[in-house]
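Architecture and fold: a report
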Amino acid sequence: MKKVRLISSVLEVIIGITLLALSLVNLVDEYWSGFGVAMIFVGSLFLLRNIKYHTNEKYREEIDVKNSDERNRFLSLKAWSWAGYLFVIIAAVTTIVFKFMGKDDLMMLSGGGVCLVVLLYYISYMVLRKKY
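Residues numbered from 1 in each chain as written. Predicted model: local features only at pLDDT ≥ 70, side-chain atom pairs only at ≥ 80, totals over all residues. Heavy atoms only, no water.

If you tally the helices and strands in the protein chain, you get five helices and zero strands. Secondary structure elements in the protein chain, listed N-terminal to C-terminal, are α-α-α-α-α. Against the globule reference of 14 Å for 132 residues, the protein chain gives a C-alpha radius of gyration of 21 Å, more extended than a compact globule. Each of the three principal axes of the protein chain carries a C-alpha extent, and together these read 55 × 50 × 25 Å. In the protein chain, the proportion of contacts linking residues at least 24 apart, taken out of those at least 6 apart, comes to 40%. For the protein chain, the computed accessible surface area is about 10900 Å², with 71% contributed by carbon and sulfur atoms. (Helix = DSSP H or I, 4+ residues; strand = E, 2+ residues; numbered from the N terminus. Rg over C-alpha atoms; globule rule 2.2 N^0.38 Å. Contact = heavy atoms within 4.5 Å. Areas by Shrake-Rupley, 256 points an atom, 1.4 Å probe, with all protein chains shown as cover.)

The structure is reproduced here in structure tokens:
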């Protein structure tokens, strides 16, 4: 599993360089050059983190404890639930605001976001209810 993360980081950097090069020779538009630079940056950060994980014993132990600690898992799940609640509330408010502003396209987009999250929640709840 650890090698998969290392390989995916290298692939991200390679894809980013490829997108940047294609943009420089005008085969794709400038959106892809920015996307390529972002992929190079993110892939490089992940690559450095993976190298540090494999070479630094103290860092590896710290990360392993952090990933297996029940308190951290609980906090992570709590943070996801808060993020979900806040997203639904913000998107619902922006739906109403966009409707008053006459921006029907944006209103439909943010309203669709609310519906999608609520639908995903409902499906997840039903699956987990049968599983547990």
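The next thing to look at is helix α5 (residues 104–131). Across its 28 residues, α5 extends 40 Å between first and last C-alpha, which sits within 8% of the 40 Å expected from 1.5 Å per residue. Along α5, the residues that are buried comprise M107, S110, G111, G113 and V114. The elements touched by buried residues of α5 are α4 (70–101). (Expected span 1.5 Å × (residues − 1). Buried < 20%, exposed > 50% of the residue type's maximum accessible area, 1.4 Å probe, protein only.)

So, on to helix α2 (residues 30–55). Over its 26 residues, α2 runs 37 Å from end to end, which matches the ideal 38 Å to within 8%, given 1.5 Å per residue. Residues S33, G36, M39, G43, N50 and Y53 constitute the buried set of α2.

Here we come to the packing of α2 against helix α3 (residues 57–68). Running from amino to carboxyl end, α2 crosses α3 at an angle of 105 degrees, the nearest separation of the two axes being 5 Å. One way to sum up the angle between α2 and α3 is to call them roughly perpendicular. Judged by residue contacts, R49, K52, Y53, H54 and T55 of α2 engage E57, Y59, R60, I63 and D64 from α3. Of the residues belonging to the contact of α2 with α3, the class tally is three nonpolar, two polar and five charged. (Axes fitted to C-alpha atoms, helices over the stretch in contact; angles between N-to-C directions. Parallel < 35°, antiparallel > 145°, perpendicular 65-115°, else oblique. Nonpolar A, V, L, I, M, F, W, Y, C, P; charged D, E, K, R; others polar.)

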